[in-house]
Amino acid sequence: MHAIQSPTNGAPWTTVVPAQRSAAPAEGFAVVDVETTGLGRTDRVISAGVYQLDEDGEVTDHWYTLVNPERDPGPVWIHGLTQDVLRGAPTFPEIAGELADRLRGRVMVAHNALFDWNMISREYSRAGLRAPVDQRLCTMVLSRDLRLPLPNGKLASLAAYFGVQQRHAHNALDDARVLAEAFRPSLHLARQGGVPLPLQACVAVTDLGEDEPAAPGRSSWSSSYRAAKKRPPCPYPNPGRWQDGKPLVQGMRVAITGDTATDRELLEDRAVEAGLHIATSVSRLTSLLVTNEPGSWSGKARKARELGTPVVGEDAFLQLLREVAPHPGV
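Rules and cut-offs
Residues numbered from 1 in each chain as written. Predicted model: local features only at pLDDT ≥ 70, side-chain atom pairs only at ≥ 80, totals over all residues. Heavy atoms only, no water. Axes fitted to C-alpha atoms, helices over the stretch in contact; angles between N-to-C directions. Helix = DSSP H or I, 4+ residues; strand = E, 2+ residues; numbered from the N terminus. Parallel < 35°, antiparallel > 145°, perpendicular 65-115°, else oblique. Left-handed = near helix turned anticlockwise from the far one by under 90°. Contact = heavy atoms within 4.5 Å. Pairing = 2+ DSSP bridges. Phe/Tyr/Trp six-rings, centres within 6.5 Å; stacked < 30°, edge-to-face > 60°. Buried < 20%, exposed > 50% of the residue type's maximum accessible area, 1.4 Å probe, protein only. pLDDT = per-residue confidence, 0-100. Salt bridge = Lys/Arg side-chain N within 4 Å of Asp/Glu carboxyl O. Nonpolar A, V, L, I, M, F, W, Y, C, P; charged D, E, K, R; others polar.

For the rest of this paragraph, the subject is the packing of helix α3 (residues 92-103) against helix α4 (residues 113-126). Running from amino to carboxyl end, α3 crosses α4 at an angle of 120°, the nearest separation of the two axes being 10 Å. One element, α3, and the other, α4, form an angle in the oblique class. Between α3 and α4 lies a crossing whose hand is left-handed. Facing Phe92, Ala96, Leu99 and Ala100 of α3, the residues of α4 in contact are Ile120, Glu123 and Tyr124.

Shown next, in the form of structure tokens:
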């Protein structure tokens, strides 16, 4: 074991526990969990845990670090990391290289993977770098594809199903361990049943131009739960559903669900400026659902599947916004 000790209290900042192994295969996995100051676009990573797995899901290495966010730590009552604990820890640019070494050439696995990817990608963007991850796998989606009889999408439920004991919830290293132990049998079930792994391409977050540091002493933990912005009525009648291969048309009703790399309000503003109607729910009148996790358990995603509502990812939606066709009645 190799540990870097804090000069103030002797607690480890970064712990590396390598197993005896040859070079990791390119098809291996990096199971990741990060704890953060909150859920919003301006929030920061305060700890990260990574379990490296070979292509069969066997653990070959694990690593953990605290990260000094250089701001308030957010919901301490959840993650337990106080300002005093984080004060002497390395900043993200100081651990970026070592984290990159543990992610490079592997599929990043996480529970609600888009969230972890966005947080990590934003940190690398702030440092003027790009996270070396090309694909991610969400274990929430994999659990659904395997039709596991889980009561909900929580990591605790997945762990309980496979008999994995959680020792310290919301600790990045223990959460990564729990997920690694639950992912291995999930991987084997997928291969035995011929279920394709739900791999998603990782698009680096670069939309940081509007980032502002949080006010001193305040946390943005509630930033993802903002009230819906009141907008004037769309001046165009709904022309119907969007059709693949055709442009969006002014007046189309667009719903958005799940985490997005672009700030949600900014994404909605761009849609409204293009002449689209932002819908707060999915119905038979919805023209398009925008989501990075079409197989998620969110109410909007489930309703879209029931109604056959067209679905596109965030990147495709941003491309469509570039050329929105004028309403035929204009």
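It is worth spelling out the sheet that holds strand β12 (residues 311-312) at this point. Two strands in a sheet stick together by hydrogen bonds in their backbones, pointing the same way (parallel) or opposite ways (antiparallel). Pairing is parallel across the open sheet formed by 4 strands, whose spatial order is β10-β9-β11-β12. The open sheet has two edge strands, β10 (277-279) and β12, and neither has a second partner. Pairing analysis gives 2 bridges linking strand β11 (residues 288-290) to β12, with the strands arranged parallel. Counterpart to valine 290 in the pairing with β12 is valine 312. Against the sheet, helix α9 (residues 299-307) makes contact with β9 (253-256), β10, β11 and β12, and its axis sits at roughly 145° relative to β11, the strand it touches most.

For the rest of this paragraph, the subject is the packing of aromatic side chains. Each aromatic ring pair is characterised by the separation of its centres together with the angle its planes make. In this structure the tally under the stated criterion is 3 aromatic pairs. When the centroid spacing of 5.0 Å and the interplanar angle of 70° are considered together, the rings of phenylalanine 29 and phenylalanine 183 count as edge-to-face. Highlighted residues: phenylalanine 29 in strand β3 (residues 29-36) and phenylalanine 183 in helix α7 (residues 172-193), separated in sequence by 154 residues. Residues phenylalanine 92 and tyrosine 124 carry aromatic rings whose centres are separated by 5.0 Å and whose planes lie at 90° to one another, so their mutual orientation is edge-to-face. Taken together, the residues phenylalanine 92 in helix α3 and tyrosine 124 in helix α4 connect sequence positions 32 residues apart. For the pair phenylalanine 92 and tyrosine 124, one class covers both residues: buried.

What follows is about the environment of threonine 260. Mapped onto the elements of the fold, threonine 260 is located in the loop between β9 and α8 (264-273). Separated by 32 residues in sequence, threonine 260 and asparagine 292 have C-alpha atoms that sit 7.0 Å apart.

Low pLDDT marks stretches whose predicted atomic positions should not be read closely. A residue-level look at the protein chain finds 84% of positions with pLDDT of 70 or above and a mean pLDDT of 82. Within the model, pLDDT remains below 50 along residues 1-25, and this stretch shows 51 contacts once partners closer than five positions in the same chain are excluded. Low pLDDT, under 50, characterises residues 207-227; the stretch is placed with 43 contacts to residues that sit more than four places away or in other chains.

Per the counting criterion, the structure on display carries 13 salt bridges. A salt bridge links aspartate 145 to arginine 144; the shortest N-O distance between them is 2.1 Å. Residue arginine 144 is classed as partly exposed on the basis of its relative accessible area, which comes to 27%.

The next subject is the packing of α8 against helix α10 (residues 314-321). At their nearest, the axes of α8 and α10 sit 10 Å apart, and the two run at 30° to each other. Relative to α10, the element α8 is oriented roughly parallel. Of the two possible hands of crossing, α8 and α10 adopt the one that is left-handed. Packed against α8, whose contacting residues are Leu267, Arg270 and Ala271, the element α10 presents Phe317, Leu318 and Leu321 at the interface. Class assignment for the residues of the contact of α8 with α10 results in 5 nonpolar, no polar and 1 charged.

With that settled, consider the pairing of strand β5 (residues 59-66). Summarising burial for β5: 7 of the 8 residues are buried, a large majority. When strand β4 (residues 45-53) meets β5, the two strands line up antiparallel, connected through 7 bridges. Its bridge partner lying in β5, glutamine 52 is registered against aspartate 61. Hairpin connection, β4 to β5: the antiparallel pair is bridged by 5 residues, and glycine 57 has positive phi, about 85°.

With that settled, the discussion passes to the environment of leucine 53. Checked against the element boundaries, leucine 53 lands in strand β4. Of the residues examined, leucine 53 reaches a relative accessible area of 0% and is grouped as buried. For the pair formed by leucine 53 and arginine 106, sequence separation is 53 residues and the distance between their alpha carbons is 9.0 Å. Setting aside anything within four residues of it in sequence, one finds leucine 53 in contact with Gly28, Phe29, Val31, Glu58, Val59, Thr60, Arg106, Ala180 and Phe183.

This part is about the environment of isoleucine 95. Residue placement: isoleucine 95 occurs in helix α3. Classification of isoleucine 95 as buried rests on a relative accessible area of 4%. It is 8.0 Å that separates the C-alpha atoms of isoleucine 95 and valine 67, two residues lying 28 residues apart in sequence.

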